[in-house]
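Here are the chains, one letter per residue:
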Amino acid sequence: MAKRISIRAIAFQRGDWWIAQCLEYSIATQARSLEKLLPEFDRLIKVQIAASLEMGIEPFFGFSPAPRKYWEMYEKASTQVLPVRQEVLEGPQFEARVAA
């Protein structure tokens, strides 16, 4: 059975783009709207996990945590999105916060 993966992310806007930065692993994605950001982040994480498993390595092997500034943004964020359970590949569990 695969190891359960829990992922926290901070979402923030930079110019016309919304960015989701994972905290446990320095990986990020972007979308034109906040509504499109979570599905894009979900896709990124699933592709990373699937690629790792296909190559026979543990998902996120070799990834470092995100830089401290993103952890601080996450801790200070006033809006919290409740964890979302995904049902693919043992379902990574996401918890995201939006920096305002």
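Residues numbered from 1 in each chain as written. Predicted model: local features only at pLDDT ≥ 70, side-chain atom pairs only at ≥ 80, totals over all residues. Heavy atoms only, no water.

Visitor: Mind laying out the pattern of salt bridges, listing which residues take part and the relevant values?
Guide: For the coordinates displayed, the defined rule picks out five salt bridges. Two residues, Glu24 and Arg8, come together in a salt bridge whose shortest N-O distance is 2.6 Å. One end of the pair, Glu24, is in the loop between strand 2 (17-22) and strand 3 (28-31); the other, Arg8, is in strand 1 (residues 6-14), and 16 residues separate them in sequence. With a relative accessible area of 18%, Glu24 lands in the buried category. For Glu72, the salt bridge is made with Arg68, and the minimal N-O distance between the two is 3.7 Å. (Salt bridge = Lys/Arg side-chain N within 4 Å of Asp/Glu carboxyl O. Helix = DSSP H or I, 4+ residues; strand = E, 2+ residues; numbered from the N terminus. Buried < 20%, exposed > 50% of the residue type's maximum accessible area, 1.4 Å probe, protein only.)

Visitor: Can you explain the confidence of the model for the chain? Please cite residues and give values.
Guide: In the predicted model, the chain carries a mean pLDDT of 84, and 79% of its residues have values of at least 70. Contacts of residues 84-89 to residues separated by more than four positions or lying in other chains number 17 contacts, the stretch itself having pLDDT below 50. (pLDDT = per-residue confidence, 0-100. Contact = heavy atoms within 4.5 Å.)

Visitor: Hey, could you go over a nonpolar patch on the surface for me, with residue numbers and the actual values?
Guide: Taken together, the side chains of Met55, Ile57 and Phe61 present a nonpolar region at the surface, about 350 Å² in accessible area. Tracing the backbone shows Phe61 in the loop between helix 1 (34-55) and helix 2 (68-76). On the accessibility criterion, Phe61 (62% relative accessible area) is exposed. (Patch = residues over 30% accessible without salt bridge, like charges linked within 9 Å, V, L, I, M, F, W, Y side chains within 5 Å. Areas by Shrake-Rupley, 256 points an atom, 1.4 Å probe, with all protein chains shown as cover.)

Visitor: How would you summarise the pairing of strand 1 if you had to cite specific residues and measurements?
Guide: Two strands pair when backbone bridges link them, and strand 1 and strand 2 are joined in this way by six bridges, in the antiparallel orientation. Note on strand 2: the bridge partner recorded for Ala9 is Cys22. Hairpin connection between strand 1 and strand 2: a loop of two residues separates the two successive antiparallel strands, and Gly15 in this loop has a positive phi of roughly 65 degrees. (Pairing = 2+ DSSP bridges.)

Visitor: Describe in detail the pairing of strand 2, supporting the description with residues and values.
Guide: Across a regular strand the side chains alternate sides, sitting on one face of the sheet and then on the other. Taken across its six residues, strand 2 has five buried, putting it largely inside the fold. The pairing of strand 2 with strand 3 spans four bridges and is classified as antiparallel. Bridge pairing in strand 3 places Trp18 opposite Ala31. Following strand 2, the chain reverses through five residues before pairing antiparallel with strand 3.

Visitor: Describe the nonpolar core, with residues and values.
Guide: Among the nonpolar cores identified, the biggest contains 17 residues, and Ile7, Phe41, Ile45 and Phe60 are the most heavily contacted of them. Ranked by the residues each element gives to this core, the list is headed by helix 1, at five residues. Core analysis: the next-biggest nonpolar cluster, separate from the first, contains 10 residues, Phe12, Ala66, Trp71 and Ala99 among them. (Core = buried A, V, L, I, M, F, W, Y, C linked by side-chain atoms within 4.5 Å.)

Visitor: Describe in detail unusual backbone geometry, supporting the description with residues and values.
Guide: The general pattern is negative phi for most residues beyond glycine and trans for most peptide bonds. Phi at Phe60 takes a positive value of approximately 70 degrees, unusual for a residue other than glycine. By the element assignment, Phe60 lies in the loop between helix 1 and helix 2. A relative accessible area of 3% means that Phe60 is categorised as buried.

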